[in-house]
Amino acid sequence: MISLIKNELTKIFAKKASWIYIIILFLAVIAVGVIQQKVFDLGPSDPNWREDVQAEINEYQQILKENPDDEWTMDLIQQNQSYLDENIDPNAYSSWHFMNGTVIGMTMLITLFSVIVGSAVVSSEFADGTIKQLLIRPHRRWEILLSKYIATLIYSFSLLVALIIFGYIVGLVLFGAGDFNAKFFETTLEGYKLAVVGDQFLLKVLYYLPSLLIIVSIAFMLSTIFKSQALAVGIGIFVLFLSSTLGGIIVLIAEKFAWAKLLIFPHLDLTVYALEDNILQDVTLPMSLLILAVYYIIFMALTFTFFQKRDISI
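Note that this is a predicted model, so its numbers are computed, not measured. (Residues numbered from 1 in each chain as written. Predicted model: local features only at pLDDT ≥ 70, side-chain atom pairs only at ≥ 80, totals over all residues. Heavy atoms only, no water.)

S.K.: Can you break down the layout of surface pockets residue by residue, with the values?
M.R.: The space that makes up the second largest pocket amounts to roughly 590 Å³. Looking at the lining of the second largest pocket, the elements with two or more residues in it are α4 (71-86), α5 (95-105) and β1 (183-188). Here the residues of the lining of the second largest pocket sort into 13 nonpolar, nine polar and four charged. (1 Å grid on protein atoms, 1.4 Å probe; cavity = no way out; pocket = protein on both sides within 12 Å on 5 of 7 lines; lining within 4 Å. Points joined across faces, edges and corners; volume = space filled by probe spheres on them. Helix = DSSP H or I, 4+ residues; strand = E, 2+ residues; numbered from the N terminus. Nonpolar A, V, L, I, M, F, W, Y, C, P; charged D, E, K, R; others polar.)

Put into structure tokens, the structure is as follows:
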């Protein structure tokens, strides 16, 4: 099995596209980091930040005297006062803020590249006519398919590791090391949440892993079902972008239809749990993981069953 996995990894990394995706990640991290530093002037904490925040509060209080019912101004005063109470510079930005915000946001690129690779890993064998040569080897079909699946996962997780390394280096150069345990206020659907920037980053990475596993598995299943590489990749990308839209719609209709929370789409982004305790009424992280596990078993069963019985004539 190990030799099969090595062979499949060799095939993946032998393609120029696999390296181009890594280069794109690196360039994207640099580009976004430079834009944030130059355009938004993000950087280390200002020694006089408390005076600046207090001055803003005073300005908002003057506005509030003229418009006592201005809720937006009241919220700004309350938020700025929270910065003072917690001793948090609202404009401070370090490598860990960059990791928690920008780098986590760019995991969408990893998902996209993983879907492209996963959707093509089996279908390309049919498209190139090499599937017969692969299956005449003294290995069972499921072993060959499993080796392809494991190799695809290894490549996907390698992209994630590369993004984290690139992000930390770029953040370190542009914004300074910063404090892993620095407190900050993260925006949630319910307002602002006091959190530790380093812990939030690690939580989001941890919660992203099951989502990546499921989406790669869906792409791999499509690659097994369709002989056309272009069709498999096209449908895989379509499903990827459709999932976020459907997830938002299902969150809305779940208030009226309890069965909607059992659909897979709202549970594909588990990073929400780094900010919220639930995403759908009484749906918590354990339930989301259970639902994803059930779908994962179904996807894997369909993938291996279909490949075992498939006619490989071309």
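S.K.: I'd like a description of the nonpolar core, backed by residues and values.
M.R.: The tendency in soluble globular proteins is for nonpolar side chains to be buried as a group. In terms of nonpolar packing, the biggest core is built from 48 residues, with Leu25, Val29, Phe98, Ile110, Leu159 and Leu163 touching the most fellow members. Going through the elements one at a time, α1 (2-14), α2 (16-38), α5, α6 (107-120), α9 (141-175), α10 (197-225) and α12 (285-309) are the ones with two or more residues in this core. With residues up to four places along the chain from it excluded, the contact list for Leu163 reads Leu25, Val29, Val103, Met106, Thr107 and Ile110. If you look at the next biggest cluster of nonpolar residues, it comprises 18 residues, including Met221, Leu222, Leu270 and Val283. (Core = buried A, V, L, I, M, F, W, Y, C linked by side-chain atoms within 4.5 Å. Buried < 20%, exposed > 50% of the residue type's maximum accessible area, 1.4 Å probe, protein only. Contact = heavy atoms within 4.5 Å.)

S.K.: Could you give an account of the pattern of salt bridges, with specific residues and numbers?
M.R.: A full pass over the atoms with the stated rule returns four salt bridges. Close ionic contact of Lys204 with Glu186 constitutes a salt bridge, the shortest N to O distance being 2.7 Å. In this pair, Lys204 sits in helix α10 while Glu186 sits in strand β1, placing the two residues 18 residues apart along the sequence. Across the pair, exposure class does not vary: Lys204 and Glu186 are buried alike. Bridged by salt links that share partners, the residues Glu8, Lys11 and Lys148 form one connected network. (Salt bridge = Lys/Arg side-chain N within 4 Å of Asp/Glu carboxyl O.)

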